Amino acid sequence: MATALFLAHAMPALTDRMLVVDAERFPREKFCAGGVGARADKLLGSIGVSVCVPGVPVNAIAFRAMGRTTVVREDAIGRVVRRVEFDHELLQIGLRRGIPFSGGTRVTGLTRTPRGYQVDTSAGPIHARVVIGADGVRSVVRRTLGFQAARYRAQAIEVDTDPVDSDLERDVLVFDATRRDLPGYYWDFPTLVDGQEKVVRGVYILRPTDGPAVVEIKAVLEAELATRGIDLGKLKKKRYAELVFDPHVPVSTPHSLLVGEAAGIDPVTGEGIAQAIYYGAAAAKYLAEKLPAGELDFQDWPSVIRRGSIGRDLIVRSLGVGLFYGPPRANIEAFLHASPEFIRVGCQHFGGKPWSKAALLRASGRALWHTGYFLAGRVPSLPEPGGG
Ligand SMILES: Cc1cc2nc3c(=O)[nH]c(=O)nc-3n(C[C@H](O)[C@H](O)[C@H](O)COP(=O)(O)OP(=O)(O)OC[C@H]3O[C@@H](n4cnc5c(N)ncnc54)[C@H](O)[C@@H]3O)c2cc1C
């Protein structure tokens, strides 16, 4: 629906010639911690869309590793929403703008026709000149069009719990990388469930697509919760895969292109809401050029993504996989604790704010110093808490 909203904004005459189909009827649950960077809201705001739902404002990010927690405060960088509410409200905005929608309509396959595609659905066939696959982690569009798998795949599991005494303030997103044996992390995000203060806690784990699972993710969550005095026991466990971005996988064929998680999201953290919205804006701009010109082979969509802000962001994060989940991990952890200015720039990026150049410069200098330690096979000791 985000993609459709951007497209309707760019090409109003197309509004009633689009059809958004979704297998689910809304409101529907989507397993997700609901952490939305303010950059996503700002981008939606650029076309006059404001998704007003209950949420918890985010003013800080905490990084935990090596027995230390570094908290960096930066005002108004995002919010934590419930996807059942957020997605439903986004849909209502689309409906109010006249975008046709068919809920409870599952796409089962695609067949190429001379003019585009026949989209087979549970409600019968639909003929489309262009198909945008925005169908998430198990994208039937991606599978039917035969795109290769990404090099990595991810899993996430989460539960909603009551707050506990050891939780930080309710405007902090906690990323806990204490378990260095895991290519992933544990999180605590404050959330609101039916108006009640809760915390959504979960684990994200990345692994090579052709490799075995390194650990049982539920056991990791159970152990992490136990350190916080929480019994996983009867809590409702929400477990799902995530499809991560791989710059080498093409995400378009003639008359069809992928956006959002179907195209691939951030492999380091599994963040995908803002990415899906950025993909949508990029696709609308792209289609607004291609459709009037009748250029529907879409060969350059992958390179357009790579050159745009969404692609640059995802490429940098893809490079981060080998750093953060690879041999330099201990050095990266030490670097992050020693360089709160780097986390500050991350907060500013999450929140769609201009990056502080001075902070970036200081962090870059420190990164060089830490690289030297890594090359020498050493990890620097942590600075005194609060010492910067
Ligand atoms: C446990 C967990 C926690 C997460 N936490 C966060 C977080 O805090 N912040 C964040 O930014 N990201 C988070 N993510 C990732 C985020 O949820 C996704 O990346 C994001 O929702 C992707 O958006 P999308 O629109 O591309 O896909 P989706 O939100 O998955 O939407 C795809 C839609 O396609 C529909 N669909 C699927 N198949 C078909 C079909 N065959 N026919 C018709 N319709 C179909 C689905 O019903 C769905 O509505 C989390 C993911 C998980 C699993």
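In this convention, every chain numbers its residues from 1, walking through the sequence in written order. Totals for whole chains, interfaces and linings use every residue, but because this is a predicted model, local features are given only for residues with pLDDT of at least 70 and side-chain atom pairs only at 80 or more, for both listing and counting.

Peer 1: Explain the overall build of the protein to me, and be specific about the residues and the numbers.
Peer 2: Per the convention used, a helix needs a DSSP run of H or I reaching at least four residues, while a strand needs a run of E reaching at least two, with both numbered from the N terminus. Broken down by element type, the protein carries 11 helices and 16 strands. Note that the radius of gyration is over C-alpha atoms, with the globule rule given as 2.2 Å times the number of residues to the power 0.38. Its C-alpha atoms give the protein a radius of gyration of 21 Å, within 12% of the compact-globule value 21 Å for 388 residues. For the protein, the spread of C-alpha atoms along the three principal axes comes to 65 × 45 × 40 Å. In the protein, which comprises 388 residues, the proportion classed as buried is 42%. Considering only contacts in the protein between residues 6 or more positions apart, those separated by 24 or more positions represent 69%. Here a residue counts as buried when 20 or more other C-beta atoms fall within 10 Å of its C-beta, as exposed when 12 or fewer do, and as partly exposed in between; the C-beta atoms come from the backbone. In this description, any two residues whose backbone-derived C-beta atoms lie within 7 Å of each other are considered to be in contact.

Peer 1: Could you give me a rundown of the sheet that holds strand β15 (residues 252-253), with the residues and numbers involved?
Peer 2: Note on pairing: DSSP must find at least two bridges between two strands before they are called paired. Spatially, β9-β16-β15 is the arrangement adopted by the 3 strands of the open sheet, whose pairing is mixed. The open sheet has two edge strands, β9 (131-133) and β15, and neither has a second partner. The pairing of β9 with strand β16 (residues 256-258) spans 3 bridges and is classified as parallel. Within β16, the residue paired with V131 across the bridge is S256.

Peer 1: Give me the site of the ligand: which residues, what numbers.
Peer 2: Using the backbone to place each C-beta atom, any residue with that atom within 6 Å of a molecule or strand is considered near it. In the vicinity of the ligand there are 34 residues, among which A33, G35, G136, G260 and G272 approach most closely. Listing elements by their share of the shell around the ligand, those giving two or more residues are β1 (20-22), β10 (152-161), β14 (238-242) and α6 (273-293). Split by residue class, the shell around the ligand holds 16 nonpolar, 7 polar and 11 charged. Summarising the domain contributions, the shell around the ligand has at least three residues from each of domain 1 (2-34 + 82-150 + 245-317) and domain 2 (153-242). Classification used: nonpolar for Ala, Val, Leu, Ile, Met, Phe, Trp, Tyr, Cys and Pro, charged for Asp, Glu, Lys and Arg, polar for all others including Gly. Throughout the structure description, domain borders are defined by an automatic or database domain assignment.

Peer 1: Please give an account of the environment of S102 that cites residues and values.
Peer 2: Locating S102 in the fold gives a position in strand β5 (residues 101-103). For the pair S102 and V20, spaced 82 residues apart in sequence, the C-alpha separation works out to 6.2 Å. Apart from the residues lying within four places of it in its own chain, the contact partners of S102 are L19, V21 and A123.

Peer 1: Now, about the packing of helix α1 (residues 2-10) against α6: what can you tell me, with residues and values included?
Peer 2: Running from N to C, α1 and α6 point in directions that differ by 35°, and their axes come no closer than 8 Å. Helix-helix and strand crossings are classified by hand; for α1 and α6 the assignment is right-handed. Counted together, A2, T3, F6, L7 and A10 of α1 and A276, I277, G280, A281, A283, A284, K285, L287 and A288 of α6 form the full contact between these two elements. For the contact of α1 with α6, the per-class residue count stands at 11 nonpolar, 2 polar and 1 charged. Every angle, taken between N-to-C directions, lies between 0 and 180 degrees, and every axis is a line fitted to C-alpha atoms, over only the stretch in contact when it is a helix. Take the far helix as the reference: if the near one is turned anticlockwise from it by less than a right angle, the crossing is left-handed, and if turned clockwise, right-handed.

Peer 1: Kindly report on the domain arrangement of the protein, identifying the contributing residues and their values.
Peer 2: Think of interface size as the accessible area that goes away when the parts come together; that is how it is often given. For the protein, the domain assignment lists domain 1 (2-34 + 82-150 + 245-317), domain 2 (153-242) and domain 3 (322-375). Counting from both sides, the interface comprises 13 residues of domain 1 and, opposite them, 17 residues of domain 2.

Peer 1: Kindly report on the sheet that holds strand β4 (residues 68-81), identifying the contributing residues and their values.
Peer 2: The 8 strands lie next to each other as β2-β4-β3-β11-β12-β13-β10-β14, forming an open sheet whose pairing is mixed. A strand with exactly one partner marks an edge of an open sheet, and here the two such strands are β2 (35-37) and β14. For this sheet, the mean angle separating the axes of adjacent strands, direction not counted, is 30°.

Peer 1: Please provide a residue-by-residue account of the nonpolar core, values included.
Peer 2: Nonpolar cores are built from buried Ala, Val, Leu, Ile, Met, Phe, Trp, Tyr and Cys residues. These are joined into a set through C-beta atoms within 7 Å. Membership of the largest hydrophobic core comes to 104 residues, with the highest contact counts inside it found for V203, V259, I277 and A283. A total of 12 residues in this core trace back to one element, the largest contributor, which is α6. Excluding its chain neighbours within four sequence positions, the residues that come into contact with V203 are A156, I157, G184, Y186, I217, V220, L221 and E224.

Peer 1: With reference to specific residues and values, describe the packing of helix α10 (residues 340-350) against helix α11 (residues 357-375).
Peer 2: Where α10 contacts α11, the two axes come as close as 8 Å, and the packing angle between them is 135°. Taken together, α10 and α11 sit at an angle that is classed as oblique. Crossing geometry of α10 relative to α11 is assigned as left-handed. Between α10, through E341, F342, R344 and V345, and α11, the contact on the second element is made entirely by A359, L360, R362 and A363. Angular relationships are summarised with four words: roughly parallel below 35 degrees, roughly antiparallel beyond 145, roughly perpendicular across 65 to 115, and oblique for the angles in between.

Peer 1: A description of α11 should follow, citing residues and the corresponding values.
Peer 2: How far a helix is expected to stretch is found by multiplying one less than its residue total by 1.5 Å. Between its first and last C-alpha, α11 extends 27 Å over 19 residues, near the 27 Å set by a 1.5 Å rise per residue. G377 sits one or two residues past α11 and shows a positive phi near 75°.

Peer 1: Go over α10 with me, naming the residues and quoting the values.
Peer 2: Count 3.6 residues to each turn of an α-helix, and residues three or four apart come out pointing the same way. Most of α10 sits inside the fold, with 9 of its 11 residues counted as buried. If you check which residues of α10 are buried, you get P340, E341, F342, I343, R344, V345, G346, C347 and F350. Considering only its buried residues, α10 is in contact with β2, α2 (38-45), β3 (55-65), β4, α9 (329-338) and α11. Backbone geometry just downstream of α10 places G352 in the positive-phi region, at approximately 65°.

Peer 1: Would you mind going over unusual backbone geometry in detail, with residue names and values included?
Peer 2: The amide bond that connects F26 to the next residue, P27, takes the cis arrangement and shows omega of 0°. Of note in the backbone geometry, H255 takes a positive phi value of approximately 70° without being a glycine. One can find H255 in the loop between β15 and β16. By the C-beta count within 10 Å, which is 18 here, H255 ends up partly exposed. Even without a glycine there, the phi angle at F298 is positive, about 55°. The residue F298 is located in the loop between α6 and α7 (301-307) in this model.

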